[in-house]
Amino acid sequence: MTRPAFWLRCEKKEFERRAALTPTTAKKLIDAGFQIIVERDEQRIFDDSEYEAVGCELVENNSWPSAPKEIPIIGLKELPASTDPLPHSHIQFAHCYKNQAGWADILSRFDRGNGTLYDLEFLEDANGRRVAAFGFHAGFAGAAAGALALAAERRGEKLGQLNPYPNEEAMIEDVKKALGGSGKGVKALVIGALGRCGRGAVDLFKKIGLQDDDIIKWDMAETAKGGPFEEILDVDIFINCIYLSSKISSFITRDTISAAGKNRRLTVVVDVSCDTTNPFNPIPIYTINTTFSEPTVRVDLPSELPPLSVISIDHLPTLLPRESSEQFSADLLPSLLEFPDRNTARIWTDAYKLFQKKLGEAAEAKAAA
């Protein structure tokens, strides 16, 4: 009988150093009878030799388009823009199920190639909870980036390029140093504080020295009254960590920022949720995703007002690529072990039904365009 297999593709997004399969997880799959094929990738935090050492088969960088059609392709971030049909099964974050920019074009590639998308964002357990997510490290890294941006603004500068850290300790020390040795005196508000992402943000703030009373933790109870929220204007850093699934009131707007005048305390907004092109984005004060090379964008405000920077990087966990990959891949492993039974295993059948539904919606949108 042919062994089940996964093909780990390289990541083409700039600065992306994470991996959906780590050498640790790859070995566990191999021990369970899988064949693991790994594309060589100098950008990945894990060396090619680490995969080779556990029994993976190494192939050329970005060679997945010529892989046998029956081998599923696993990756993390979206594929580079193209019109080429996609005939394989792809396991990845595709960012096309919530009507993001270009969503119908992405799905049409699967339709034309007769391929399948199993979107990692929508693999859920029986309780509707994602089986694997980068949430904690996204919040942790987002809070770190926000603190670095605050330190830069206090120096009268704009935050420069962000580079991935080798480990959590190095990140914490770098942030504390930027703030003059400690984050004491900094005030932050985290919305979505009870979720994985929010807990990560709170953890980082504690580890860099913010006092507990200066970490304001909001979740659904606090936002139930509907925004905009004046309280956001009274902190140094606002971190948005919610999972957006439907239209909600805006948390903050240009009008509320302008109305606060010159005495506004808010200096940095970190939109970890990063629903930049989502029509329901509750932070309608910016319009672009920022990047590791250009991590902030200024909000367009009257010139007499103090500047306000937004961080909207959609792959923040890659600031801690090794740790975040290990955690994510370990959480994903039980589902991957079930993949050979994807026609009956609930996690995969549900993901396929959702794909078919979104495929139909994309076809309707294309027809109506």
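Preceding this paragraph is the structure being described.
Quick summary incoming for the structure in this document. (Residues numbered from 1 in each chain as written. Predicted model: local features only at pLDDT ≥ 70, side-chain atom pairs only at ≥ 80, totals over all residues. Heavy atoms only, no water.)

## Remarks on the overall build of the protein chain
Now for step 1: Helix and strand content of the protein chain: ten helices and twelve strands.
Now for step 2: Expected size for 369 residues packed as a compact globule is a radius of gyration near 21 Å; at 21 Å, the protein chain falls within 12% of this value.
Now for step 3: Along the longest, intermediate and shortest principal axes, the C-alpha atoms of the protein chain span 70 × 50 × 35 Å.
Now for step 4: A burial count over the protein chain gives 54% of its 369 residues as buried.
Now for step 5: Considering only contacts within the protein chain whose residues lie at least 6 apart along the sequence, 74% involve residues at least 24 apart.
Now for step 6: On the protein chain, roughly 16,100 Å² of surface is accessible, and the fraction owed to carbon and sulfur atoms is 49%. (Helix = DSSP H or I, 4+ residues; strand = E, 2+ residues; numbered from the N terminus. Rg over C-alpha atoms; globule rule 2.2 N^0.38 Å. Buried < 20%, exposed > 50% of the residue type's maximum accessible area, 1.4 Å probe, protein only. Contact = heavy atoms within 4.5 Å. Areas by Shrake-Rupley, 256 points an atom, 1.4 Å probe, with all protein chains shown as cover.)

## Some thoughts on the packing of helix H1 (residues 23–31) against helix H9 (residues 321–338)
Now for step 1: Between H1 and H9, the shortest axis-to-axis distance is 9 Å and the interhelical angle comes to 20°. Classified by the interaxial angle, the pair formed by H1 and H9 is roughly parallel. For the pair H1 and H9, the crossing hand works out as right-handed. For the pair formed by H1 and H9, the contact residues are Thr 24, Thr 25, Lys 28 and Leu 29 on the first element and Glu 326, Ser 329, Ala 330, Leu 333, Leu 336 and Leu 337 on the second.
Now for step 2: Looking at side-chain class alone, the contact of H1 with H9 contains five nonpolar, three polar and two charged residues. (Axes fitted to C-alpha atoms, helices over the stretch in contact; angles between N-to-C directions. Parallel < 35°, antiparallel > 145°, perpendicular 65-115°, else oblique. Left-handed = near helix turned anticlockwise from the far one by under 90°. Nonpolar A, V, L, I, M, F, W, Y, C, P; charged D, E, K, R; others polar.)

## A word on the pattern of salt bridges
Now for step 1: What the rule picks out here adds up to 22 salt bridges.
Now for step 2: Here Lys 98 and Asp 275 are joined by a salt bridge, their closest N and O atoms 3.5 Å apart. With Lys 98 in the loop between strand E5 (89–92) and helix H3 (103–113) and Asp 275 in the loop between strand E10 (268–271) and strand E11 (297–298), this pair connects stretches of sequence that are 177 residues apart. Of the two residues, Lys 98 and Asp 275, both sit in the buried class.
Now for step 3: Salt bridges sharing partners connect three or more residues here, namely Lys 13, Glu 78 and Asp 314. (Salt bridge = Lys/Arg side-chain N within 4 Å of Asp/Glu carboxyl O.)

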